[in-house]
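# A closer look at the structure
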Amino acid sequence: MQDDRIIKETGLEARVAAIVAPVINAVGYRLVRVKLLQQDGLTLQIMAERPDGTMTVDDCEQVSLAVSPALDVEDPIEGSYQLEVSSPGIDRPLVRRDDFVNAVGHLARIETSILVAGRKRFRGAVVSVEENGIRFERDKVGEGEDPLVSIPFDAMSAAKLILTDALIKQALKKEKRARRGRKSGEDGDETDAATEH
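Quick look at the structure, then. (Residues numbered from 1 in each chain as written. Predicted model: local features only at pLDDT ≥ 70, side-chain atom pairs only at ≥ 80, totals over all residues. Heavy atoms only, no water.)

Across its full length, the protein chain carries four helices and nine strands. By the compact-globule yardstick of 16 Å for 197 residues, the protein chain fits well, its C-alpha radius of gyration being 18 Å. By its C-alpha atoms, the protein chain is 55 × 40 × 30 Å across when sized along the principal axes. Put simply, 60% of the contacts in the protein chain that link residues at least 6 apart link residues at least 24 apart. Carbon and sulfur atoms make up 49% of the accessible area of the protein chain, which totals about 10800 Å². The centroid of the 28 positive side-chain charges in the protein chain is displaced by 6 Å from the centroid of its 35 negative side-chain charges. (Helix = DSSP H or I, 4+ residues; strand = E, 2+ residues; numbered from the N terminus. Rg over C-alpha atoms; globule rule 2.2 N^0.38 Å. Contact = heavy atoms within 4.5 Å. Areas by Shrake-Rupley, 256 points an atom, 1.4 Å probe, with all protein chains shown as cover. Lys, Arg positive; Asp, Glu negative; His and termini not counted. Charge placed at Lys NZ, Arg CZ, Asp CG, Glu CD.)

Structure representation (structure tokens):
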């Protein structure tokens, strides 16, 4: 399965993503994001999800067990680190076209690598998804500024939903539907599994 993410990592995080994405896909999940964090020493956070966007504690454990050997063999990170596998959560990063489609009508923060409409940071609602980007309505605009802006996908460096009551309500409905569809009957929230490397 090809990595269909629009927003991807750079540098060492991109190298780790290239190692873990095929492994994650092979066990039936998809990579959301790889991030190196300076907490409790060094933490390698891998966000993954099922194709339907859900993720349980057991799913996190399966992904962790699958990627650990690949990371041990390739050894892309010098020194020791904690591996944390987690779900994207309700206020998830937006990395695929489908993520933006599902985010229409919701508040989000978007950062760009180049100036778009005179700025690099945006906060507001995703209005629509176009072929090469999104229409976005800023919630705070200066005098004379147009609240509606088109943001190309290839200009985006980060995008993330903002937690709101409407978003929580939608996530709870989605989780309830997913739970009904699962044969195991086990569920989970924003979850993670951690191991030492």
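Moving on, there is more to tell.
With that settled, the discussion passes to helix 4 (residues 165-181). Over its 17 residues, helix 4 extends 25 Å from the first C-alpha to the last, a length consistent with the 24 Å expected when each residue adds 1.5 Å. Within helix 4, burial applies to Leu167, Glu175 and Ala178. All buried residues of helix 4 lie within an arc of 65° about the axis, which places them on one face of the element. In helix 4, the exposed residues that point more than 90 degrees away from the buried face are Asp165, Lys169, Leu172, Arg177 and Arg180. (Expected span 1.5 Å × (residues − 1). Buried < 20%, exposed > 50% of the residue type's maximum accessible area, 1.4 Å probe, protein only. Arc of directions from axis to C-beta.)

A few words on the packing of helix 1 (residues 11-26) against helix 2 (residues 57-74). At a minimum axis distance of 9 Å, the contact between helix 1 and helix 2 shows a crossing angle of 135°. Looking at the two axes, helix 1 sits oblique to helix 2. The hand of the helix 1/helix 2 crossing is right-handed. Contacts between helix 1 and helix 2 involve Arg15, Val16, Ile19, Val20, Val23 and Ile24 on the former and, on the latter, Val63, Ala66, Val67, Ala70, Leu71 and Glu74. (Axes fitted to C-alpha atoms, helices over the stretch in contact; angles between N-to-C directions. Parallel < 35°, antiparallel > 145°, perpendicular 65-115°, else oblique. Left-handed = near helix turned anticlockwise from the far one by under 90°.)

By themselves these figures say nothing about function.
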